[in-house]
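Chain residues, written in single-letter form:
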Amino acid sequence: MSDEATDPKITVPKAITESKVVNPLLARARLPGDTFRLPSHGMFYTNGELDDTVEDGEVHVYPMTAIDEIVISSPAKLFSGEGIIEVFKRCIPSILIPEELLAQDVDFLLLCLRKVSYGSTLEVERVHEGCTAEREEGTEPRKQLFNADIGKMIAKTKELSAAEITKHYRIEMDNDQIVKMQPMRFSSYIKLMQLISQEQEGETIDEHVQNNMMLNQLADMILSVDEIADTVMIREWLDVVTPNQVRKINDSISKMAKWGIDTTFKVKCRDCKKSMEVEVPTNPLALFS
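Quick notes on the rules
Residues numbered from 1 in each chain as written. Predicted model: local features only at pLDDT ≥ 70, side-chain atom pairs only at ≥ 80, totals over all residues. Heavy atoms only, no water. Phe/Tyr/Trp six-rings, centres within 6.5 Å; stacked < 30°, edge-to-face > 60°. Helix = DSSP H or I, 4+ residues; strand = E, 2+ residues; numbered from the N terminus. Buried < 20%, exposed > 50% of the residue type's maximum accessible area, 1.4 Å probe, protein only. Core = buried A, V, L, I, M, F, W, Y, C linked by side-chain atoms within 4.5 Å. Contact = heavy atoms within 4.5 Å. Axes fitted to C-alpha atoms, helices over the stretch in contact; angles between N-to-C directions. Parallel < 35°, antiparallel > 145°, perpendicular 65-115°, else oblique. Left-handed = near helix turned anticlockwise from the far one by under 90°. Nonpolar A, V, L, I, M, F, W, Y, C, P; charged D, E, K, R; others polar.

K.L.:
Which parts of the structure should I look at to understand the packing of aromatic side chains?
P.N.:
Any pair of aromatic rings gets described here by the distance separating the centres and the angle formed by the planes. Under the counting rule described, the total for this entry stands at three aromatic pairs. Ring centres 6.4 Å apart and planes at 85 degrees place the aromatic pair F36 and F108 in the edge-to-face group. With a gap of 72 residues between them, F36 in strand β1 (residues 34-37) and F108 in helix α6 (residues 103-118) connect regions that are remote in the sequence. Note on F36: relative accessible area 8%, which makes it buried. With relative accessibility at 3%, the residue F108 sits in the buried group. Aromatic side chains Y118 and F288 sit 6.3 Å apart centroid to centroid with 40 degrees between the ring planes, which places their arrangement in the tilted category. Here Y118 is found in helix α6, whereas its partner F288 is found in helix α13 (residues 284-288), with 170 residues between them in sequence. Taking relative accessible area as the criterion, Y118 reaches 35% and is therefore assigned partly exposed.

K.L.:
What am I meant to see in the nonpolar core here?
P.N.:
Within soluble globular proteins, side chains that are nonpolar tend to cluster in buried spots. Core analysis: the biggest nonpolar cluster contains 72 residues, and L109, L113 and V280 have the highest contact counts within it. The greatest single-element share of this core, amounting to eight residues, is contributed by α6. V280 has contacts with L111, L122, V124, A148, I150, M153, T263, F265 and L287, leaving out every residue within four places of it along the chain.

K.L.:
Explanation requested: the packing of helix α5 (residues 82-91) against α6 in the structure shown.
P.N.:
Describing two packed helices takes the angle between their axes plus the distance from one axis to the other. Where α5 meets α6, the axes come as close as 12 Å, and the angle between the chain directions of the two elements is 60 degrees. In terms of their interaxial angle, α5 and α6 are classed as oblique. Pair α5 / α6 crosses with left-handed handedness. Residues I84, V87, F88 and C91 of α5 pack against V106, L109, L110 and L113 of α6. Tallied by class, residues from the contact of α5 with α6 come to eight nonpolar, no polar and no charged.

Here it is as structure tokens:
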């Protein structure tokens, strides 16, 4: 054995001792994905929801991994929205705060994620409820399998414009106050779905708690009142306005410009040959299971 090997004064360079073998399998494992423009064009995102490099709402969507598929379709994480949030952060890295995306943008991105991960075709099983084809007495219409073209749906997505925001998201109240609205955020949508689910399961919700939750969700959709955007002040304002004023805001919400991805497509029933409309669910359990 040489003296150099045993000499304590001689050290092996750190770069050599900590060298890491590059796994050649990883270089080609992940597909490149594709770039899509959010139907909102990134408007309303002023609090760090998107990376500074995002322009005109264009984000790059990478395909999911096997782990992502498990996470996004996990029933335990579906109810809270955590599955979508986790996967968006990994597969769409330019989205920094997924929970604060607009709900329509989330639906759009779920279809984009489906397309880059599995391709443009999605099989949807439906029953034609209005089927008039002859069948044996007591026999229900059969389930039919149809192919939806996700790529076409994405291409036909209706985008939000600044002109529509000025026209449809501005309310003049009876007391001359000006209320500026914004579309529902994903975080508010999740809370609404949780409330609906509780009611459907027959869970008793205290009326005061329910009213408070509804006003909180309404406050989340108010961008400003008389140019004041403080959320605490807006919530306090909602507590003192009249029921008619609240109804006016709710009526305006229902009339806001319709935009985002249209997940319906028309087909012909194979039994009665009549036209029917099929809707692609944006539920991750249906999209990715």
